[in-house]
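If you want the building blocks of each chain, they are given just below.
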Amino acid sequence: MRVLGIESSCDETAASVIDNGKILSDSISSQIDVHKIYGGVVPELASRKHIVNIEPVIAASLKDAGVTLDDIDAIAATSGPGLLGSLVIGLQFAKTIAMARKLPFYGVNHLRGHILAARIDDGESTPVPDYPYIALLASGGHTAIYHVKNWNNIECLGQTRDDAAGEAFDKVAKLLGLGYPGGPVIDRMAALQGEKVKFPQAFRQRRSYEFSFSGVKTAVAQYVAKQSNISKDHLYAIVRGFQESVVDIMVRKVVFAAREKQVKNVVLAGGVAANSALRNRAKEVCLQNDLILFAPPKKRCTDNASMIAYAGYLALKDGLTSPFDTAPRSNWPL
Ligand code: KG4
Ligand code: ZN
């Protein structure tokens, strides 16, 4: 079954063709340049850009896959959660193609896409986890731990009470004047060894799967406000300390979940899973605890359409379809 998947939940317009779960193409058009002058995604501008980009991105994904729409058996698109004005562009485009071509359509939950991304066999010899696994999903809008028993049996064990991890990276980068998106910038800066300023970790001792990242963000803001001037070395020490606080608590909680649930496989998912320190620390701690870590290639951690095509494929293969009156959902917990 060949599935065309479309993703437009935030600031990336993406399309991918997969054939029986294998990736044939993975096209993406990023809007970072549009939004970075504002220090974050401007929803109205994102929608306008999706309208311009959606058709060329889909055309590129068909071309890269060496197919035409005549070769596509089903269409999948993200239908939530995300920015409504962004979601509606990809979703409506997908439903229109499906309706005109009389193809089955499936509306994919973006979080499910992220959580299942580690299972995509991309032919690059990255090992894929068997079910069950414990997934840490850390992105710009979500941070949660899931017990993944099957593609459609995913239990949320706990999530953040306030900011998402990616949001904390972006906000801290903004307050330090480091630019947008903050995650990759902080990742690069913190990779250089040196001193660290110590910042707090919420719920560190608590045996729960909940997170809170607004405290560390405020702690950084208050610390910075107290300094008369900040040297380059001092700035790097702040960035390293902030990243360590966020990474440490996430690794601690995901390993705690795997041990409590007696699950051997641990998966990293979402944009923050591209973070080098998180990947390294998780690998080290999983090894110490006799757990197996699966971290998908970085391009499949951040938003992409292959994960949407893949999650759609699993549902469509099981005979599920979504109606043509499927509406975009800004909020859609798994
Ligand atoms: O999954 P994603 O692409 O979009 C959402 O679904 O939100 O995640 C985007 C988030 C942003 O907050 C971005 O700063 C963060 O992922 N991110 C990173 C890294 N790359 C992207 N955070 C830390 N380190 C990175 N290398
Ligand atoms: Zn995402």
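Residues numbered from 1 in each chain as written. Chains lettered and ligands numbered in written order. Predicted model: local features only at pLDDT ≥ 70, side-chain atom pairs only at ≥ 80, totals over all residues. Heavy atoms only, no water.

I would appreciate a short explanation of the site of ligand 1 in the present structure.
Close contacts around ligand 1 come from 19 residues, with G140, D170, D187, G271 and D303 the closest. Note that an oxygen atom of ligand 1 is positioned 3.1 Å from one of the backbone N or O atoms of G166. D170 has a polar side-chain atom sitting 2.7 Å from an oxygen atom of ligand 1. In isolation ligand 1 offers 550 Å² of accessible surface; the protein chains occlude 87% of this area. Among the detected pockets, ligand 1 sits in the largest pocket. Among the secondary structure elements, those contributing two or more residues to the shell around ligand 1 are helix 4 (110-116), helix 5 (165-175) and helix 6 (182-190). Counting residues per element, the shell around ligand 1 draws most heavily on helix 6, which supplies three residues. Here the shell around ligand 1 is built from residues that sort into five nonpolar, 11 polar and three charged. (Near = heavy atom within 4 Å. Polar contact = N/O pair within 3.5 Å; in protein donor to acceptor, adjacent residues only side chain to side chain. Areas by Shrake-Rupley, 256 points an atom, 1.4 Å probe, with all protein chains shown as cover. 1 Å grid on protein atoms, 1.4 Å probe; cavity = no way out; pocket = protein on both sides within 12 Å on 5 of 7 lines; lining within 4 Å. Sits in = over half its atoms within 2 Å of the grid points. Helix = DSSP H or I, 4+ residues; strand = E, 2+ residues; numbered from the N terminus. Nonpolar A, V, L, I, M, F, W, Y, C, P; charged D, E, K, R; others polar.)

What am I meant to see in the sheet that holds strand 5 (residues 105-109) here?
Spatially, five strands are ordered 3-2-1-4-5 in an open sheet, and the strand pairing comes out mixed. Because the sheet does not close on itself, it has two edges, and the strands there are strand 3 (22-30) and strand 5. Pairwise comparison of adjacent strand axes, ignoring direction, gives a mean angle of 20° for this sheet. Sheet topology note: the strand 1 (residues 2-7)/strand 4 (residues 74-80) ladder contains four bridges and is parallel. What sits directly across from V3, in strand 4, is A74. Here helix 3 (residues 84-101) sits on the sheet and contacts strand 1, strand 4 and strand 5; the angle it forms with strand 4, its principal contact strand, is near 155°. (Pairing = 2+ DSSP bridges. Axes fitted to C-alpha atoms, helices over the stretch in contact; angles between N-to-C directions. Contact = heavy atoms within 4.5 Å.)

What exactly am I supposed to notice about the domain arrangement of the chain here?
As a measure of interface size, the accessible area lost when the parts come together is often cited. The domain boundaries assigned to the chain delineate domain 1 (2-117 + 301-317) and domain 2 (128-295). Relative to domain 2, the C-alpha centre of domain 1 lies at a distance of 27 Å. With 19 residues of domain 1 in contact, the opposing surface of domain 2 contributes 20 residues. Where domain 1 abuts domain 2, roughly 1600 Å² becomes buried across the two surfaces, and 72% of that area is made up of carbon and sulfur atoms. (Domains from an automatic or database assignment. Buried area = accessible area lost by both parts, 1.4 Å probe.)

Would you mind going over helix 8 (residues 232-260) with me for this structure?
Since the α-helix turns once every 3.6 residues, residues separated by three or four places project in the same direction. Between the first and last C-alpha of helix 8 there are 42 Å, a value that for 29 residues agrees with the 42 Å anticipated at 1.5 Å per step. Taken from the residues just after helix 8, Q262 is the one with a positive phi, measuring 55°. (Expected span 1.5 Å × (residues − 1).)

For this particular structure, what's the right way to read the coordination of the zinc ion (ligand 2)?
For a metal with four donors in a tetrahedral arrangement, the ideal angle between donors is 109.5 degrees, while six donors in an octahedron ideally sit at 90 or 180 degrees. Donor atoms from the polypeptide that coordinate the zinc ion (ligand 2) comprise H110 (NE2), H114 (NE2) and D303 (OD), at 2.0 to 2.1 Å from the metal. What the four donor atoms of the zinc ion (ligand 2) show is an angle range of 95 to 135° at the metal, which sorts the shape as irregular. Read in sequence order, the donor residues for the zinc ion (ligand 2) give the motif H-x3-H-x188-D. Linking H110 in helix 4 with D303 in the loop between strand 10 (292-294) and helix 10 (306-317), this pair joins segments that are 193 residues apart in sequence. (Donors = N, O, S within 2.8 Å, 3.2 Å for Na, K, Ca; no water. Tetrahedral: all angles 85-135°; square planar, octahedral: opposite > 155°, others 65-115°.)

Hey, could you run me through helix 9 (residues 276-288) in this one?
Compared with the 18 Å implied by 1.5 Å per residue over 13 residues, the 18 Å span of helix 9 between its first and last C-alpha is a close match. Where helix 9 is buried, its residues touch strand 6 (133-138), helix 8, strand 9 (265-269) and strand 10. Near the N-terminus of helix 9, the side chain that reaches the backbone nitrogen of A277, with its oxygen 3.0 Å away, is that of N275. Directly after helix 9, the chain includes D290, whose backbone phi takes a positive value near 60°.

What is the right way to look at the packing of aromatic side chains in this model?
Evaluation of the coordinates by the stated rule reveals seven aromatic pairs. Taken together, a centroid distance of 5.8 Å and an interplanar angle of 10° make the contact between Y131 and Y133 stacked. Centroid distance F211 to F213: 5.7 Å. Interplanar angle 15°. Geometry classified as stacked. With a relative accessible area of 2%, F213 lands in the buried category. (Phe/Tyr/Trp six-rings, centres within 6.5 Å; stacked < 30°, edge-to-face > 60°. Buried < 20%, exposed > 50% of the residue type's maximum accessible area, 1.4 Å probe, protein only.)

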